[in-house]
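Overview (structure and organization)
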Amino acid sequence: MILYLDSLQEGQTAMYTLASDLTWTKLEHDLPEAMVAHCSVQISQGVVAFIGGVPTASDLFANSKVEQIYIFDITANSGMEWSQPATLPAEVTRGAIMGCYKVPNENKVIFGCSYGPNEMTYEWNLDDDAITQKTECRNQRGVKFHVMPDGSIIGSGHGRNIWTFDSSSGLSRTSSDEQWTTSHNPPMSVVSPFKTGTCST
């Protein structure tokens with residue numbers, strides 16, 4: 001199952017699932033509020049978190065953010081699908097093009113590095129919903145995090161740089177300074193099983 005939200009449409013709240021036969025189905029449960037350029041991450045089976053973003057596309061490069069973090073549980077009883085466990089820290093000034101990932105083998109999510117200066121990464125502890133500031137973001141144009149098969153983390157985004165990432169030391173260059181990716185808008189609101197997606201330029 002792939003859960004998809006078209007985050008580039010103004011005021012979009014509809015969500016869809018893609019079945020194994022490649023048919024789309026609109027869910028009856030919309031997002032509680034519209035968001036654009038947020039990040040989404042699967043935190044357990046059938047459970048997805050929506051973090052950051054901005055209310056409208058016109059806010060992409062403004063000091064704006066969707067403060068509430070939402071969790072959607074597709075397996076929950078009717079009326080219990082949505083929860084609001086935490087909010088973005090007050091020091092987060094911009095919510096657009098924010099990255100996030102579930103820490104392998106830990107009940108934690110790392111998020112942050114939205115599009116703007118002086119942004120940080122944060123650790124969200126899923127056991128108690130505490131959020132702790134972690135590291136500076138060296139890339140000021142938004143970062144999307146990717147968990148690799150060996151458990152290492154890389155970051156890429158609008159700046160075309162490819163970084164390695166550690167939640168203690170932050171972003172650093174890969175083995176060569178000439179590591180680049182094609183400049184493009186990364187998928188900002190797709191949650192899918194590992195190794196089922198590719199980037200086509």
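Above this text sits the structure in question.
To start, this report covers the structure provided alongside it. Model, not experiment: these values are computed from the prediction. (Residues numbered from 1 in each chain as written. Predicted model: local features only at pLDDT ≥ 70, side-chain atom pairs only at ≥ 80, totals over all residues. Heavy atoms only, no water.)

**Description of the pattern of salt bridges**
Stated precisely, the cut-off is as follows: Criterion for a salt bridge: a side-chain nitrogen of Lys or Arg within 4 Å of a carboxyl oxygen of Asp or Glu. Partly exposed describes any residue whose relative accessible area lies between the buried limit of under 20% and the exposed limit of over 50%, with all areas from a 1.4 Å probe on protein chains only and scaled to the type maximum.
This structure, assessed with the given rule, holds four salt bridges. With its nearest N and O atoms 3.4 Å apart, the salt bridge here joins Glu106 to Lys108. Overall, the relative accessible area of 38% leaves Glu106 in the partly exposed class. By relative accessible area, Lys108 is classed as partly exposed at 23%.

**Overview of the state of the cysteines**
Using the following cut-off: Working definition: a disulfide is two cysteine sulfur atoms within 2.5 Å of each other. Only DSSP runs of H or I covering at least 4 residues are called helices, and only runs of E covering at least 2 are called strands; the numbering of each starts at the N terminus.
One pass over the full model with this rule turns up two disulfides. Note that Cys39 is cross-linked by a disulfide to Cys100, the S-S spacing being 2.4 Å. The disulfide joining Cys39 to Cys100 has a torsion of about 130 degrees about its S-S bond and is therefore right-handed. Of this pair, Cys39 sits in strand β4 (residues 39-44) while Cys100 is found in strand β8 (residues 99-102), placing the two residues 61 residues apart along the sequence. A residue is classified by how much of its surface remains accessible, and Cys39, at 3% relative accessible area, is buried. With relative accessibility at 9%, the residue Cys100 sits in the buried group. Cysteine pairing for the protein (bonded cysteines numbered in sequence order): 1-2, 3-4.

**A few points about the sheet that holds strand β9 (residues 108-112)**
How we decide: By definition, two strands form a pair when at least two bridges between them are found by DSSP. Axis lines are fitted through C-alpha atoms, for helices just across the contact stretch, and the angle between N-to-C directions can take any value from 0 to 180 degrees.
Reading across the sheet, the four strands line up as β8-β9-β10-β11 and stay open at both edges, with antiparallel pairing between neighbours. Each edge of the open sheet is held by one strand with a lone partner, namely β8 and β11 (131-136). Strand-to-strand, the axes of this sheet are offset by a mean angle of 20 degrees, without reference to chain direction. Pairing between β8 and β9: four bridges, direction antiparallel. By the bridge assignment for β9, Cys100 is matched with Phe111.

**A few points about the pairing of β11**
Residues in a regular strand project their side chains so that they alternate between the two faces of the sheet. Strand direction decides the pairing type here: strand β10 (residues 120-125) and β11, joined by four bridges, are antiparallel. In the sheet register, Glu123 faces β11, and the bridge partner there is Thr132. Two successive antiparallel strands, β10 and β11, enclose a turn made up of five residues, where Asp129 displays a positive phi of approximately 65 degrees.

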